[in-house]
Amino acid sequence: IFQGVEAVAKNHGFAVMIASSDEDPENEYAGMQLMIQKGLNGVVIAPCPADDAVRDYIEAVGFPVVLIDRTWPNASVPSVLLHNREAAAMLVNLFVERGHRRILFVEGRPGLTTTAERREGYVEAMRSHDLIPLILPGGSVVQGGHDASAWWLAHQDAASAVICGNNLMLMGFLEGLKQTTQPARPVVLAGVDNERWSGLVTPGVSVVEQPARAMGEEAARLLIRRIQEGHGVPEITRFAGRLVARDASEGM
């Protein structure tokens, strides 16, 4: 995402800085204040959950902002997002086509629109196939995936396939499996984001690849337009993910 933002910004004569809130709303608020005080022209931000103070501050000062990857409910600024419901549904449909009927979903951190949309896409797709949704919390972090793998190892009959809501939880799930004895039943995994390592494990991990660079480029274009022309319309731009199907195992 950053590479896409930087490429477009440089082409329009803007320099780019990068900062991390570490998912802490207080860090996000302090960083946003500093950026505005230092005279930055605008910000592309993947907002933290529960960052109402940041939202209120941005809207009060009218600072040019574009949200990326996540959005706010009824946001008054543009957002650039993945088709999250579609991404989760694609993975469900892939597993159903391969014969799986028991599909576990490890969802991300509460309070994020990304989490809510991917959960909704999973549930809708499961119900469309007359299947019962099975959801575990993962918190969008590696440890959450690790905890989910421990649950699955204790309840292996519950699911023959697992979808993790992001790459960190997927990594944690894989780590959990590697740190234990061979499970009694095989499980196939899928997730969102096509990290390089996801194509190196055996059996292969299917993913929905986000067009991250293109999303960053679009966010930069929208931000520059807002900087140059004013606030404009709080449009939502969604990008389709690309299904990368790697595992050919059939379910039971």
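Described below are features of the structure shown in this document.

A short note on the pairing of strand E9 (residues 236-239)
With burial as the criterion, only one face of E9 is covered, namely that bearing Thr237 and Phe239; the residues Ile236 and Arg238 on the opposite face remain uncovered. In terms of strand pairing, strand E3 (residues 79-82) meets E9 through 4 bridges, oriented parallel. The residue of E9 that forms the bridge with valine 80 is threonine 237.

Observations concerning unusual backbone geometry
At glutamate 23, a position not held by glycine, the phi torsion is positive, near 60°. Turning to its location among the elements, glutamate 23 is positioned in the loop between helix H1 (2-11) and helix H2 (25-37). Owing to a relative accessible area of 28%, glutamate 23 belongs among the partly exposed residues under this scheme. Positive phi, normally seen in glycine, also occurs at serine 140, with a value near 70°. Mapped onto the elements of the fold, serine 140 is located in the loop between strand E5 (134-137) and helix H6 (142-154).

Describing H2
Helix length check: H2 (13 residues) gives 18 Å between terminal C-alpha atoms against 18 Å at 1.5 Å per residue, within 8%. Listed as buried for H2 are Glu28, Met32 and Met35. Buried residues of H2, viewed axially, fall in a sector of 65°; they line one side. Counted as exposed and oriented over 90 degrees from the buried face of H2: Glu26 and Gln37. Near the N-terminus of H2, the side chain that reaches the backbone nitrogen of glutamate 26, with its oxygen 2.8 Å away, is that of aspartate 24. The positive-phi residue at the C-terminal boundary of H2 is glycine 39, with phi of around 90°.

Looking at the sheet that holds E3
Taken in spatial order, the 4 strands of this open sheet run E1-E2-E3-E9, and their pairing is parallel. Edge positions in the sheet fall to strand E1 (43-45) and E9, since each of these pairs with one other strand and no more. Strand-to-strand twist of the sheet, defined as the mean angle between neighbouring strand axes without regard to direction, takes the value 20°.

Observations concerning the pattern of salt bridges
Going through the model one piece at a time under the given rule, you end up with 11 salt bridges. A salt bridge links arginine 85 to glutamate 120, with the shortest nitrogen-to-oxygen separation between them at 2.6 Å. Within this pair, whereas arginine 85 is found in helix H4 (residues 84-97), its partner glutamate 120 is found in helix H5 (residues 113-128), the two being separated by 35 residues in sequence. A salt bridge links arginine 119 to glutamate 107, with the nearest nitrogen and oxygen atoms 3.0 Å apart. With arginine 119 in helix H5 and glutamate 107 in strand E4 (residues 103-107), this pair connects stretches of sequence that are 12 residues apart. With relative accessibility at 14%, the residue glutamate 107 sits in the buried group. One connected set of salt bridges, linked through shared partners, spans Glu23, Asp69 and Arg70.

How each quantity is defined
- Residues numbered from 1 in each chain as written.
- Predicted model: local features only at pLDDT ≥ 70, side-chain atom pairs only at ≥ 80, totals over all residues.
- Heavy atoms only, no water.
- Buried < 20%, exposed > 50% of the residue type's maximum accessible area, 1.4 Å probe, protein only.
- Helix = DSSP H or I, 4+ residues; strand = E, 2+ residues; numbered from the N terminus.
- Pairing = 2+ DSSP bridges.
- Expected span 1.5 Å × (residues − 1).
- Arc of directions from axis to C-beta.
- Polar contact = N/O pair within 3.5 Å; in protein donor to acceptor, adjacent residues only side chain to side chain.
- Axes fitted to C-alpha atoms, helices over the stretch in contact; angles between N-to-C directions.
- Salt bridge = Lys/Arg side-chain N within 4 Å of Asp/Glu carboxyl O.

Nothing here speaks to function; it is geometry throughout.
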